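# Report on the structure
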2 protein chains.
Amino acid sequence: MSRPGTPEPALCVQGDSAAGTQDEDAADGTQHSHRMLSFSDALLSIIATVMILPVTHTKISPEQQFDKSVQKLLATRIAVYLMTFLIVTVAWAAHTRLFQVVGKIDDTLALLNLACMMTITFLPFTFSLMVTFPEVPLGIFLFCMCVIAIGAVQALIVVYAFRFPHLLNPEIQGSAHRALYRRHVLHIVLRGPVLCLAAAGFSLFFYPASYLLMAMAVFLPYLSKAASWCRCRLLGPQEPPTPSIELFDLNRQEPLSKERVAAFSDGVYAIVATLLILDICEDNVPDAKDVDERFHGSLVAALRESGPRFLAYFGSFATVGLLWFAHHSLFLHVRKATQPMGLLNALSLAFVGGLPLAYQQTSAFARQPRDELARVRISCAIIFFASIFQFATWTAALLHGPETLQPSARFGGREHAFMFAKLALYPCTSLLAFASTCFLSRFSTAIFHLMQIAVPSAFLLLRLAHGHKEERGVGTVVPRLYLSQI
Amino acid sequence: MSRPGTPEPALCVQGDSAAGTQDEDAADGTQHSHRMLSFSDALLSIIATVMILPVTHTKISPEQQFDKSVQKLLATRIAVYLMTFLIVTVAWAAHTRLFQVVGKIDDTLALLNLACMMTITFLPFTFSLMVTFPEVPLGIFLFCMCVIAIGAVQALIVVYAFRFPHLLNPEIQGSAHRALYRRHVLHIVLRGPVLCLAAAGFSLFFYPASYLLMAMAVFLPYLSKAASWCRCRLLGPQEPPTPSIELFDLNRQEPLSKERVAAFSDGVYAIVATLLILDICEDNVPDAKDVDERFHGSLVAALRESGPRFLAYFGSFATVGLLWFAHHSLFLHVRKATQPMGLLNALSLAFVGGLPLAYQQTSAFARQPRDELARVRISCAIIFFASIFQFATWTAALLHGPETLQPSARFGGREHAFMFAKLALYPCTSLLAFASTCFLSRFSTAIFHLMQIAVPSAFLLLRLAHGHKEERGVGTVVPRLYLSQI
């Protein structure tokens, strides 16, 4: 969006710093962390999502029965996908919090961040090892080593940033309790790794204890939050001593950065849309010999055979695209993201990441008409969960009151009904499709395709209806500007 | 980077609009295009890069000779990758230009943009079809249909945005020649599709003409630019009539948006880093049965067999990470991106996208020691080209003078030598490694591993040397702040 004619292109200005200060910052070696953070977001979101590929690549040949060993393999891989998503999301949340404390970066911090990313990308491998060999301590040991390495790098980042305080968030930089802050942040960064160190020790003689400790390390943020909430409910709100007020502000009430939540979500949606076309390009270009022999040289006939796959591709892309669209509309009206919203959003994204599986199920309609009903239901369920958690994110924002949503989207606001319709469209239709397959099981494929065509049209109709309502006088900006043009 | 204690998290403020205006914008249905653009950037960069996967997945079994048919398949796939990268980059550049004209979006534009993305993601498939069956008109026909569909959607976006002028860039919105602008933008958007329409027609009776027309459609922006440059050189600079001055400003001199170039590059680096770990996770978790039978239940022995792959993974991740780091440092000092810089950057990214191939080559050291020398050379060549084009981007920025680079990075600036060293590190070492394999062909693997260890250490040393120089008094900010802490 740079303006033509001006020599300086539009820069992305962060927070309270003006564009003009960038020159001096670059000169003294510090940099705004914006680009490094969006790179980290992209990397982490792709890592979280890409583990769906081993699931979709599980080969089940038509003659082979869907037997125990295949079931076990598939279940293992789905578990790896979901747990990887969860673990990477937790690591991402920790990363977000860390760089809320560290406001600016320099070269050393950028390199340390790269080391941190490298260790995080290795987590899925150690986790798959752990799932495949649950009783061998090596998997546990490697996983714990990874977590400890991540913790060590993050602790280094904290120590370095507190040694050069101009890198810190301005609020902390000016605070009198900086040493207290440092201890507190180090405590948060290191408690997971310490638990994992204990788990690595236990893995040598009593591995079930290791699993317990590792689960604690992963869920610690949620556990501590739930505990403090319970205590607050039981004992009533307490007045903490003075220095703790600041810490409380920073670490409990501090919302997730809305911008980073959006960037992480964008990464997930983008990689999911791309995984779909990758399958098409890799498997559906017919072989030249094959075309000559089986189809007498007719490429059209060869392509017609994989026709349902293209249909499924466009249907799935439309689903991913419209879910992104709903997410985008939602976050336009969100002012800040609270922790429950972040959790619900992560759950929604985990199911969005499962959409390639839904695509694979629907694209197999032509080849294996046998399991049609089950396939349609799996697809509907994935779409339903992806969209219902999106809806739940909105509900959480609504319930939290004025500071999370903009006025126009709240109860009684102008955009409220429109947002409601946008977000309720996918849960309703997928639920309807699922229910109708129970009664009309013979037409399940037709129902599914009908749904995939109906929803985009419904979005368009919704848009037209809303536009019409606006033009009739509720919103007067558009027609006024339009008239001024004539 | 949101500040603790304040109710509003830091928003990404674009250009001349302040954060406070977002509420009203969201209320009248228009939205800042920032998030939609970064989503499009992520999608397009992943699409461009992901076509390397069919190349790396080409199976060459050890007993099979590297014969003609495999060579042809590999060459076809590499050609598909490079051409896809080029075509997607051209489509991305057109998208960038389009949304320099359209400054804000509403729901309709967001949906139209999604339709545009869907058509672009389908391009690689039609292109692979075209390459696999060069003499069948269907591939050409489908490719042309895709380009025409993209052009039609973009034309719709232009027409819609000019119908509701509050969506336009403020400069154009206030201009008296708006109708002229519209005609001009439509002309740019539609000239490629018109050529493709002709190509689709020719494909039915004389297909070589189609290829010529399609190549013209893809390279038209570069051709027209080169032509205008030649004319300018031959006839001397001409004074265009008044309305053309504005158009000239908009369409020729307008630099690429620096922010979008960075976002596109981030996407490529992120997906490349992720493709590496995907291979590890999919192929290197040993099979439970296999471990029992071949390794007598010892998981360590089973993992030791794929040890070189892990080494190769860490080496490749470090390469991708440090190339990103150099790119990041470079763009911190860049003020605006010119078209030659954009082209050189795209070439650099095309080779970065080839890094998974280099990883695959080096990870095969253990299994097929036969072709070691060739593999090391391929890897060195890919790294060399990726980094030399990065260096060339910097050179182009340097040559263009004061408006492209910040003062500290220009000739004689404080950061100049440091930037030079950072960007020259990879080209020099990879060239050195390539050259030394010619003399010491027996130690080629050792040389390559030495390079992969040496470069990160060199980056660290460089950083320390620079930090030391700064502390000795050239930069005085850091020690002063440090002292103030004590």
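Residues numbered from 1 in each chain as written. Chains lettered and ligands numbered in written order. Predicted model: local features only at pLDDT ≥ 70, side-chain atom pairs only at ≥ 80, totals over all residues. Heavy atoms only, no water.

### Focus: the domain arrangement of chain A
Residues and elements named next belong to chain A. To be explicit about the condition: Note that domain bounds follow an automatic or database assignment of domains. Working rule for contacts: check all heavy atoms of both residues, and any pair within 4.5 Å makes them a contact. The term buried area means the drop in 1.4 Å probe accessible area that two parts suffer when joined, counted for both and summed. Whenever a carboxyl oxygen of Asp or Glu lies within 4 Å of a side-chain nitrogen of Lys or Arg, that contact is scored as a salt bridge. Counting from the N terminus, the helices are DSSP H or I runs at least four residues long and the strands are E runs at least two residues long. Lys, Arg, Asp and Glu make up the charged group, whereas Ala, Val, Leu, Ile, Met, Phe, Trp, Tyr, Cys and Pro make up the nonpolar group; the residues left over, Gly among them, are polar.
Examined at the domain level, chain A breaks down into domain 1 (28-247) and domain 2 (258-473). Tallying the contact residues gives 27 residues for domain 1 and 24 residues for domain 2. The junction of domain 1 with domain 2 conceals about 2,200 Å² of combined surface from both sides, 67% of it contributed by carbon and sulfur atoms. Together, Thr56, Phe85 and Trp92 form the three largest contributors to the area buried by domain 1 at its contact with domain 2, with a combined 22%. On inspection of domain 1 and its partner domain 2, the count reaches 1 salt bridge. Elements with a minimum of two residues in the side of domain 1 that touches domain 2: α2 (34-50), α3 (52-56), α4 (68-101) and α9 (207-235). Looking at side-chain class alone, the side of domain 1 that touches domain 2 contains 15 nonpolar, 9 polar and 3 charged residues.

### Let's talk about the nonpolar core
What counts, and what does not: Within this scheme, the nonpolar core is defined by two criteria: the residues are buried Ala, Val, Leu, Ile, Met, Phe, Trp, Tyr or Cys, and they are joined through side-chain atoms within 4.5 Å. Burial status follows relative accessibility: with a 1.4 Å probe on protein chains alone, a residue under 20% of its type maximum counts as buried, one over 50% as exposed, and anything between as partly exposed.
Ranked by internal contacts, the top residues of the largest apolar core, which has 274 residues, are A:Phe125, A:Leu355, B:Phe125 and B:Leu355. Excluding anything up to four places from it in sequence, A:Phe125 contacts B:Ile280, B:Cys281, B:Asn284, B:Val285, B:Leu303 and B:Phe310.

### Things to note about helix α18 (residues 416-439) of chain B
Residue pairs three or four apart in sequence face the same way in an α-helix, which turns once every 3.6 residues. The following threshold applies: Under the convention used throughout, the expected extent of a helix is 1.5 Å for every residue step, that is, one less than its residue count. Bend at a residue means the angle formed by two fitted axes: the first through the 7 residues ending at that position, the second through the 7 residues beginning there.
Helix length check: α18(B) (24 residues) gives 34 Å between terminal C-alpha atoms against 34 Å at 1.5 Å per residue, within 8%. At B:Ala424, α18(B) shows its strongest bend, of approximately 40°, with the proline B:Pro427 following within four residues.

### Considering the packing of aromatic side chains
In plain terms, the rule: Between the rings of Phe, Tyr and Trp (Trp by its six-membered ring), a pair exists once the centres lie within 6.5 Å; its type follows the angle of the planes, with under 30 degrees stacked, over 60 edge-to-face, and the other angles tilted. The rule is short: NZ of Lys or CZ of Arg within 6 Å of the ring centre and within 35 degrees of the ring normal puts a charge over the ring.
According to the stated counting rule, one finds 43 aromatic pairs over all chains in the structure shown. On the basis of an interplanar angle of 70° and a centroid distance of 5.5 Å, the ring pair of B:Phe384 and B:Phe385 is categorised as edge-to-face. Residue class for B:Phe385 comes out partly exposed when judged on its relative accessible area of 35%. For the pair B:Tyr426 and B:Phe459, a centre-to-centre distance of 6.3 Å together with 45° between the ring planes defines the contact as tilted. Highlighted residues: B:Tyr426 in helix α18 and B:Phe459 in helix α19 (residues 444-474), separated in sequence by 33 residues. Three or more aromatic residues link up through ring pairs in this structure, and these residues are A:Phe122, A:Phe125, B:Phe310, B:Tyr313, B:Phe314 and B:Phe317. The aromatic ring of A:Phe434 is capped on one face by A:Arg377, whose charged end is 5.8 Å from the ring centroid.

### Here we look at a nonpolar patch on the surface
All names here are of chain A. So the rule is basically this: Only residues whose relative accessible area exceeds 30% and that form no salt bridge are eligible for patches; like-charged ones are grouped when within 9 Å, while nonpolar side chains (Val, Leu, Ile, Met, Phe, Trp, Tyr) are grouped when within 5 Å. Under the convention used here, a 1.4 Å probe and the Shrake-Rupley method define accessible areas, while residue burial counts only the protein chains that appear.
Nonpolar side chains collect at one region of the surface, where Met216, Phe219, Tyr222, Leu223, Leu343 and Leu347 lie side by side and expose about 460 Å² of accessible area between them. In terms of residue count, α9 provides more of the nonpolar patch than any other element does, 4 residues in total. Tracing the backbone through its elements, the reader meets leucine 223 in helix α9.

### Topic: helix α16 (residues 355-363) of chain A
α16(A) sits mainly inside the fold: 8 of its 9 residues count as buried. Listing the buried residues of α16(A) in full gives A:Leu355, A:Pro356, A:Leu357, A:Ala358, A:Tyr359, A:Gln361, A:Thr362 and A:Ser363.

### Focus: the confidence of the model for chain A
All names here are of chain A. Put simply, the rule reads: pLDDT is defined as a per-residue confidence score from the predictor, taking values between 0 and 100.
For chain A, the average pLDDT comes to 77, and 83% of its residues sit at 70 or higher. Taken element by element, chain A is modelled with least confidence in strand β1 (residues 12-14), mean pLDDT 35, and with most confidence in helix α6 (residues 137-163), mean pLDDT 89. Note that pLDDT drops below 50 for residues 240-253; the model gives that stretch 19 contacts with residues more than four away or on any other chain. Scored below 50 in pLDDT, residues 473-486 makes 15 contacts in the model with residues more than four places away or belonging to other chains. Interface confidence for the predicted complex, given as ipTM, is 0.80, next to a pTM of 0.82.

### Some details on the side chain of A:Ser45
In this fold, A:Ser45 is placed in helix α2. Not counting chain neighbours up to four residues away, the residues in contact with A:Ser45 comprise A:Phe264, A:Gly267 and A:Val268.

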